[in-house]
Amino acid sequence: MKEKLSIVKIGGNIIENSEELSHLLGLFSKIDGHKILVHGGGKKATQIGNKLGIETKMTNGRRITDAESLDVAIMVYGGLVSKKITAQLQALGCNAMGMSGADANAIHAHKRPVKEVDFGWVGDVDGVNSEGISKLLQAGFTPVFCALTHDGKGQLFNTNADTIASELAIGLSSKYETTLYYCFEKKGVLQNIEDENSVIQHINSETYKFLLADGIIADGMLPKMHNCFHALENNVKQVCIGDSEMLQQSTSNFTTLTL
């Protein structure tokens, strides 16, 4: 029987709220078994970039990463946010290790090809080093991954944290019974965006089609759901979406996705 692995990705609004972040890290530290945390830090990168006079460029809600913006992302994701989170987890008795995709050759990627838009130094994931990451887990470490990958030739990339979480879950599913958690400020996927308590508790591939057709799942939730089903189709046991409370076993008010 495979050992269990929980992979938790935390959203930017949680990172920006110190009280909410502390609460989530407390819950995360108590998860039984092996675990991995994944974080971004785009809002903080924008703040620091503005202070340095580096303009944030966006297109259709997606960040363009030029050379200066990449430097900011490396400083903020791999430094400021990563080290604050790992320090808080150490205080909670969780032996965390802050990592980028370059550390231990953990996440290999290539530069996103230019089509309609040149996203700059943005990486699309090729694969993860499941052997190396598993050695860290078996040694008792809890990896904390930021939203950076590399190409093995010295180049770092800004990479979507949701995608990193999904690819880690897929890569490690051959060794572990893996559950992927997407933690953000909502309680789950909502039937009615105006009603915080209208959580759809279970979505499978069939009901997903209906929710798409009805426009209930749209906009910013679409790429997240794509990552969810991509993970499920590649041997991840289940994916959960909700706020930090879903990390407690005593609650069921969140969205669980299965095939």
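For the structure itself, consult the block above.
Counting starts from 1 at the beginning of each chain's written sequence and moves along it residue by residue. Two thresholds apply to this predicted model, a pLDDT of at least 70 for residue-level local features and 80 or more for giving and counting side-chain atom pairs, whereas whole-chain, interface and lining totals are computed over all residues. To obtain the side-chain values, all non-hydrogen atoms of the structure were used and water was disregarded.

Enquirer: Provide a residue-level description of helix α6 (residues 161-172), including the pertinent values.
Expert: Put simply, DSSP H or I for four residues or longer makes a helix, DSSP E for two residues or longer makes a strand, and each gets a number counted from the N terminus. For a helix, the expected span equals 1.5 Å multiplied by the residue count minus one. Compared with the 16 Å implied by 1.5 Å per residue over 12 residues, the 16 Å span of α6 between its first and last C-alpha is a close match. For α6, the tally of buried residues reaches 10 of 12 residues, placing the bulk of the element in the interior. In protein, a polar contact means a hydrogen-donor-capable atom and an acceptor-capable atom, both N or O and within 3.5 Å, with residues adjacent in sequence counting only if both atoms are side-chain atoms; elsewhere, any N or O pair within 3.5 Å suffices. The N-capping residue of α6, defined by a side-chain oxygen 2.9 Å from the backbone nitrogen of D162, is N160. For the exposure calls, accessible area comes from a 1.4 Å probe over protein chains only, and a residue counts as buried if that area is under 20% of its type's maximum, exposed if over 50%, partly exposed in between.

Enquirer: Summarise the nonpolar core; cite the residues concerned and give the values.
Expert: Here, nonpolar core means buried Ala, Val, Leu, Ile, Met, Phe, Trp, Tyr and Cys residues that are tied together by side-chain atoms lying within 4.5 Å of each other. Counting 72 residues, the largest nonpolar core has I7, I36, L168, I203, M225 and L247 as its most contacted members. The contact criterion used throughout is that any non-hydrogen atoms of two residues lie within 4.5 Å. Discounting chain neighbours no more than four positions away, the residues touching I7 are I36, V38, A165, L168, A169, L172, T178, T179, L180 and Y181.

Enquirer: Could you give an account of the packing of aromatic side chains, with specific residues and numbers?
Expert: For Phe, Tyr and Trp, rings pair up if their centres lie within 6.5 Å, where Trp contributes its six-membered ring, and each pair is then called stacked (planes under 30 degrees apart), edge-to-face (over 60) or tilted (otherwise). A full pass over the atoms with the stated rule returns 2 aromatic pairs. Where Y208 meets F229, the ring centres are 4.6 Å apart and the plane angle is 20 degrees; that geometry is what we call stacked. Note that Y208 is positioned in helix α7 (residues 205-213) and F229 in helix α8 (residues 221-232), a separation of 21 residues in sequence. Of the residues examined, Y208 reaches a relative accessible area of 14% and is grouped as buried. Among the residues examined, F229 registers a relative accessible area of 5% and is labelled buried. Two thresholds decide whether a charge sits over a ring: the Lys NZ or Arg CZ must be within 6 Å of the ring centre and within 35 degrees of the ring normal. Between the NZ or CZ atom of K111 and the centre of the ring of W121, over which it lies, the distance is 5.6 Å.

Enquirer: If you had to explain the side chain of N158 to someone new, which residues and values would you point to?
Expert: Tracing the chain through its elements places N158 in strand β10 (residues 156-158). On the basis of relative accessible area, N158 is assigned to the buried category, the value being 9%. Reaching out from N158, the side chain makes a polar contact with the side chain of T65 at a distance of 3.1 Å. Beyond its immediate chain neighbours, meaning those up to four positions away, N158 contacts R63, T65, L70, Y77, W121, V122, G123, A147 and L148.

Enquirer: A description of the pattern of salt bridges should follow, citing residues and the corresponding values.
Expert: For this document, the term salt bridge refers to a Lys or Arg side-chain nitrogen within 4 Å of an Asp or Glu carboxyl oxygen. All told, the structure shown has 8 salt bridges when counted by the stated rule. Here K57 makes a salt bridge to D66, at a shortest N to O gap of 2.8 Å. Through salt bridges with shared partners, a single network forms among K9, D162 and K224.

Enquirer: Summarise the sheet that holds strand β13 (residues 238-242); cite the residues concerned and give the values.
Expert: Any two strands with at least two DSSP-identified bridges between them are counted as paired. Across the sheet, 8 strands lie side by side as β5-β8-β2-β1-β11-β13-β14-β12; this open sheet has mixed pairing. Edge strands, defined here as strands with exactly one partner in the open sheet, are β5 (96-99) and β12 (202-203). Strand direction decides the pairing type here: β5 and strand β8 (residues 142-145), joined by 4 bridges, are parallel. Counted as the bridge partner of G98 is V144 from β8. For helices, the fitted line uses only the C-alpha atoms of the stretch in contact; every axis is such a line through C-alpha atoms, and the angle between N-to-C directions lies from 0 to 180 degrees. Here helix α4 (residues 67-91) sits on the sheet in contact with β1 (3-10), β2 (34-39), β5 and β8, set at roughly 175 degrees to β5. Helix-sheet contacts for α8 involve β11 (176-183), β12, β13 and β14 (255-257), and the interaxial angle to β13 is about 160 degrees.

Enquirer: Help me get a handle on helix α5 (residues 130-138), residues and values and all.
Expert: Of all the positions in α5, only S130, G132, I133, S134, L136 and L137 are classed as buried. Trailing α5 by a residue or two, G140 shows a phi angle of about 95 degrees, which is positive.

Enquirer: Let's hear about the environment of S166: which residues, and what values?
Expert: Checked against the element boundaries, S166 lands in helix α6. In this structure the C-alpha to C-alpha distance between S166 and T256, which are 90 residues apart in sequence, comes to 15 Å.

Enquirer: Can you break down the packing of helix α2 (residues 18-29) against α4 residue by residue, with the values?
Expert: How two helices sit against one another is set out by the angle between their axes and by the gap between those axes. Between α2 and α4, whose axes approach to 10 Å, the crossing angle comes to 55 degrees. Here α4 runs oblique to α2, going by the angle between their axes. For α2 against α4, the interelement crossing comes out right-handed. Facing L21, S22, L25, F28 and S29 of α2, the residues of α4 in contact are I85, Q88 and L89. Gly counts as polar in this scheme, as do all residues outside two lists: the nonpolar Ala, Val, Leu, Ile, Met, Phe, Trp, Tyr, Cys and Pro, and the charged Asp, Glu, Lys and Arg. Classifying every residue of the contact of α2 with α4 by side-chain character gives 5 nonpolar, 3 polar and no charged. Note that the term roughly parallel is reserved for angles under 35 degrees, roughly antiparallel for angles over 145, roughly perpendicular for angles of 65 to 115, and oblique for everything else. Helix crossings get a hand from a simple test, with the near helix turned counterclockwise from the far one by less than a right angle marking a left-handed crossing and a clockwise turn marking a right-handed one.

Enquirer: So what's going on with the side chain of T142? Which residues, and what values?
Expert: Inspection of the secondary structure puts T142 in strand β8. Not counting chain neighbours up to four residues away, the residues in contact with T142 comprise F28, K35, C94, N95, A96 and M97.

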